[in-house]
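Chain by chain, the residues:
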Amino acid sequence: MSVCNASKLSQLFKPITSTRPNAKKDIISKSYDNLLKYGIMKQINTGMYALLPLGLRVMNKLANLVENEMKRIGAQKIQLPALTSSHLWKKTNRLESNKTELFIVKDRHKKEYILSPTYEETICNLISSTGVLSPKLLPLKLYQISSKWRNEMKPRLGFLRSNEFIMKDLYTFDATLADAEKTYESVCNAYDNIFQKIGIATIKAVGDTGTIGGLKSHEYHYITDIGEDTVCICPSCKYSINKAIYNEKHCPQCKNTLFEQCTAEVGHTFLLGVKYTEPLNAMYHSYENEIKPLVMGCFGLGLSRIFTVAVEILSTENELRWPKILAPYTVCVIPPKDGSKEEPASQYVNHIVETLNQLNIDTVLDDRTHLTIGNRLNQAKLLGYSYSIILGKATMKSTPMLEIHDINNSSQCDIPIESIRSYFQTAETMN
């Protein structure tokens, strides 16, 4: 079968494993075993994972979604080095209090570096090294998407608690606290847009400033049994706060009784003030002809955590499920088995793939036609492609039909081949 412009499952690197390394029966996750078993990711070392082709497709879609929102608010993408000189962390008094969670290395000249879990010191040092900023550059918003490192005591459930993880970290710089407050709200709105497009409800809670510190913070949480946080929520006014910083039974705003939810944190925002800019000399030249420290904010999105928790929330016991916007492939096309009565229906494959390409819908062709349609459909369901299109018995009718399976909604319908464009245009508007 010769099909242009289509990824083919026969060529996909997707090693299958039977069990999770060092499995612990007391840790229950609907998705973690299947992410490993079905070749989405693979454990390389304790708390360290390789994203295989399907997993990387999901991560890249998530990164693109985040990048589009960052562009919308005027943020500029950069790439900082993985290693941060430890003397910068000494300047902000963070080194000693965090040493047990840091990976620390030395070069041949005995200079000490940290494998960075976060980049407040690095970005301020970068700003300082460029000189005093003009107020015309403000607000300045710089972000990156990269691997970060934390020396976890008990790595668990893949990227939920891992030694290496992928995060989008954004750093903002303003002239005044009032300006920084406006920037803070604009980034929070961007986060709201990102989570709305992913389509899984989040809780925005007053957060713990923790080791990063600052004037205030908010956390974004998914509700899940595998989470490690507890968020207290008011059913009346919707006020939410992390239980770690508020252990009262009643809402501080409306005094109604709070209820608790087990959650996993997937994003965190901080209004830092001058906590880092002042000791690291990140300054701007004010219109009053004064040199002042910049007012800073930092904003993290745990991309690998979103990846992990989103699939956990949506999946069944044996089948992976993804938000449609993040699925490794949106459509899997399944032609007939070689030698079957339906084999002539293969003539329509190129037309279907070309139509989907014109609609900019990412499509994979299951060209392993030595397998039955039923076998390949079951595998498509296991991996969580959003839709499967089958060319089978329905395609052999006098009016050729396509059998379409909406995997996430567990529904199926037959449509005429010429209706494929309108079907997916309608499906897109409903997402």
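Residues numbered from 1 in each chain as written. Predicted model: local features only at pLDDT ≥ 70, side-chain atom pairs only at ≥ 80, totals over all residues. Heavy atoms only, no water.

Draft legend 1. Quick look at the state of the cysteines. Within the structure shown, the criterion is met by zero disulfides. Note on Cys-124: no disulfide assigned, nearest cysteine sulfur contributed by Cys-298 at a separation of 9.6 Å. Residue classification places Cys-124 among the buried positions, given a relative accessible area of 0%. (Disulfide = S-S within 2.5 Å. Buried < 20%, exposed > 50% of the residue type's maximum accessible area, 1.4 Å probe, protein only.)

Draft legend 2. Summary view of the nonpolar core. With 65 residues, the main nonpolar core has Ile-198 and Phe-307 as its most contacted residues. Setting aside chain neighbours within four positions, we find Phe-307 in contact with Leu-35, Ile-40, Met-41, Leu-51, Gly-55, Val-58, Met-59, Leu-62, Phe-159 and Trp-322. In terms of nonpolar packing, the next biggest core, distinct from the first, is built from 23 residues, Leu-88, Cys-124, Tyr-171 and Phe-173 among them. (Core = buried A, V, L, I, M, F, W, Y, C linked by side-chain atoms within 4.5 Å. Contact = heavy atoms within 4.5 Å.)

Draft legend 3. Broad picture of the packing of aromatic side chains. A complete count under the given rule lists 12 aromatic pairs for this structure. Taken together, the aromatic side chains of Tyr-32, Tyr-49, Phe-159, Phe-307 and Trp-322 make up a single cluster linked through ring pairs. One Lys or Arg, Arg-94, reaches over the ring of Trp-89 and ends 4.1 Å from the middle of that ring. One Lys or Arg, Lys-275, reaches over the ring of Tyr-276 and ends 5.3 Å from the middle of that ring. (Phe/Tyr/Trp six-rings, centres within 6.5 Å; stacked < 30°, edge-to-face > 60°. Lys NZ or Arg CZ within 6 Å of the ring centre and 35° of its normal.)

Draft legend 4. The arrangement of helix H6 (residues 177-198) in detail. Given a rise of 1.5 Å per residue, 22 residues ought to cover 32 Å, and the 32 Å separating the end C-alpha atoms of H6 matches this to within 8%. All buried positions along H6 are accounted for by Ala-180, Thr-183, Tyr-184, Val-187, Cys-188, Ala-190, Tyr-191, Ile-194, Phe-195 and Ile-198. The arc that holds every buried residue of H6, seen down its axis, measures 160 degrees, which confines them to one face. In H6, the exposed positions that point more than 90 degrees away from the buried face belong to Lys-182 and Gln-196. Just downstream of H6 lies Gly-199, where phi reads positive at about 95 degrees. (Helix = DSSP H or I, 4+ residues; strand = E, 2+ residues; numbered from the N terminus. Expected span 1.5 Å × (residues − 1). Arc of directions from axis to C-beta.)

Draft legend 5. Quick peek at the environment of Val-105. Considering the arrangement of structural elements, one finds Val-105 in strand E6 (residues 103-106). For Val-105, a relative accessible area of 34% gives the class partly exposed. As a C-alpha pair, Val-105 and Thr-224 span 119 residues in sequence and 36 Å in three-dimensional space.

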